[in-house]
Amino acid sequence: MNEASVSKEIYLSLQQLLFREARLLSAERYDDWLDLLSDDVQYEMEMPQRRFREDRTQASAPKKTPIFNDDKRSLLMRIGRIKTGFVWAENPVNAIRNIVSNIEVFDSDKADEFTAYSIIEIHRSRLDAERKRFTAGRNDIWKKTASGFQLLKRTVALDDGVVLDSNINFFF
């Protein structure tokens, strides 16, 4: 990753965009959120592999298992499924809050592309008062276009070694 500084204007624009994105996702404004994504977006999360520090078998380690590895088409399908109203885990609607922090923005090797690192914390509360909290690091690639920034790629690194809930019917 190129850690060259970006202008304050670029940093503040992307920071505000990440805050807006969190608000859109918390409010389930998925169509507005999809407008922020490029048509060829890559949206992925792999199951973390926890190893002891002295474990030197990295070369023979199995490939990581994706929790999700979505493109725009599969994101549209996931959102369409939620909108049907037939997803039992989302009826009644869960209360979800997306909190973004520790935002860093760096220049990319490509013109008008920027790498943004952030921490996301998601709080979900269900009807039965069951509460879940997810934390993860995100590495994004955003492209500046004539109409604003668009997300090209998001890689999410979940902090927990296992998924601590029965489903992930939300977005990071």
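Residue positions are given per chain, counted from 1 along the sequence in the order it is written. In view of the model being predicted, local features appear only for residues whose pLDDT reaches at least 70, and side-chain atom pairs are presented and counted only at 80 or more, with totals across whole chains, interfaces and linings using the full set of residues. Water and hydrogen atoms were dropped before computing side-chain values, which therefore reflect all heavy atoms in the structure.

Caption draft 1: Seen up close, helix 3 (residues 72–83). Runs of H or I in DSSP of at least four residues are treated as helices and runs of E of at least two as strands, each being numbered from the N terminus. In a helix, the anticipated span is given by 1.5 Å times the number of residues less one. The end-to-end C-alpha distance of helix 3, which contains 12 residues, comes to 16 Å, matching closely the 16 Å that a straight helix rising 1.5 Å per residue would cover. Note on exposure labels: buried denotes an accessible area under 20% of the residue type's maximum, exposed denotes more than 50%, and partly exposed covers the range between, all computed with a 1.4 Å probe on protein chains only. Of all the residues in helix 3, the buried ones are K72, S74, L75, R78, I79 and I82. Buried residues along helix 3 cover an arc of 165° about the axis, so they all sit on one side. Those residues of helix 3 that are exposed and angled more than 90 degrees off the buried face are R73, M77 and K83. Of the surrounding elements, those touching the buried residues of helix 3 are helix 2 (30–34), strand 1 (37–46) and strand 2 (66–70). Between N or O atoms, a polar contact is any pair within 3.5 Å; within protein, one atom must be a potential hydrogen donor and the other a potential acceptor, and residues adjacent in sequence are included only when both atoms are from side chains. N-cap assignment for helix 3: the residue whose side-chain oxygen lies 3.3 Å from the backbone N of R73 is D71. Backbone geometry just after helix 3 places G85 at a positive phi near 85°. The directions from the helix axis to the C-beta atoms form the arc being described. Contacts are assigned to residue pairs with any non-hydrogen atoms lying within 4.5 Å of each other.

Caption draft 2: Quick look at the sheet that holds strand 6 (residues 148–158). Strands are labelled as partners when DSSP assigns at least two bridges between them. What the 6 strands build is an open sheet, ordered 2-1-6-5-4-3; its pairing is mixed. Each having just a single partner strand, strand 2 and strand 3 (95–107) make up the two edges of the open sheet. Neighbour to neighbour, the strand axes of the sheet diverge by 20° on average, direction disregarded. Sheet topology note: the strand 4 (residues 113–125)/strand 5 (residues 131–145) ladder contains 13 bridges and is antiparallel. Each residue of the ladder has a partner; that of I120, found in strand 5, is A136. Only the stretch in contact is used when fitting a helix axis, every axis being a line fitted to C-alpha atoms; angles between N-to-C directions are given from 0 to 180 degrees. Packed onto the sheet, helix 1 (residues 8–26) meets strand 3, strand 4, strand 5 and strand 6 and runs at close to 160° relative to strand 3.

Caption draft 3: How the structure looks around the pairing of strand 3. Across 11 bridges, strand 3 lies against strand 4 in antiparallel orientation. Its bridge partner being in strand 4, N98 is matched across the sheet by I122.

Caption draft 4: Up close: the nonpolar core. Within the largest apolar cluster, 38 residues are counted, with the highest numbers of intra-cluster contacts made by L14, W33, L75, V105, W142, F171 and F172. Those elements that provide at least two residues to this core are helix 1, helix 2, strand 1, helix 3, strand 3, strand 4, strand 5 and strand 6. Examining the composition of this core, we find that 7 residues originate from one element, helix 1, more than from any other. Sequence-distant contacts of F171, that is, excluding residues within four places in its chain, are made with L25, Y30, W33, Y43, L75, R78, I79, I82, N98 and I122. What we call a nonpolar core is a set of buried Ala, Val, Leu, Ile, Met, Phe, Trp, Tyr and Cys residues that are connected through their side-chain atoms within 4.5 Å.

Caption draft 5: Here's a closer look at unusual backbone geometry. Positive phi outside glycine occurs at N102, with the angle close to 50°. Within the fold, N102 resides in strand 3. Residue N102 is classed as exposed on the basis of its relative accessible area of 54%.

Caption draft 6: Fine view of helix 1. Between its first and last C-alpha atoms helix 1 spans 27 Å; for 19 residues at 1.5 Å apiece the expected length is 27 Å, and the two agree. Within helix 1 the residues assigned to the buried category are I10, L14, Q15, L17, L18, E21, A22, L24, L25 and S26. Elements in contact with the buried residues of helix 1: helix 2, strand 3, strand 4, strand 5 and strand 6.

Caption draft 7: Quick look at the environment of D140. Residue placement: D140 occurs in strand 5. Judged by its relative accessible area of 1%, D140 falls in the buried class. C-alpha separation for the pair D140 and Q42, spaced 98 residues apart in sequence, amounts to 9.7 Å. Beyond its immediate stretch of four places on either side in the chain, D140 contacts L18, F114, T115, A116, L151, K153 and R154. Here W142 takes part through its side chain, which lies 3.2 Å from a polar atom of the side chain of D140. Within the structure, the side chain of D140 is placed 2.7 Å from the side chain of R154, a separation counted as a polar contact.

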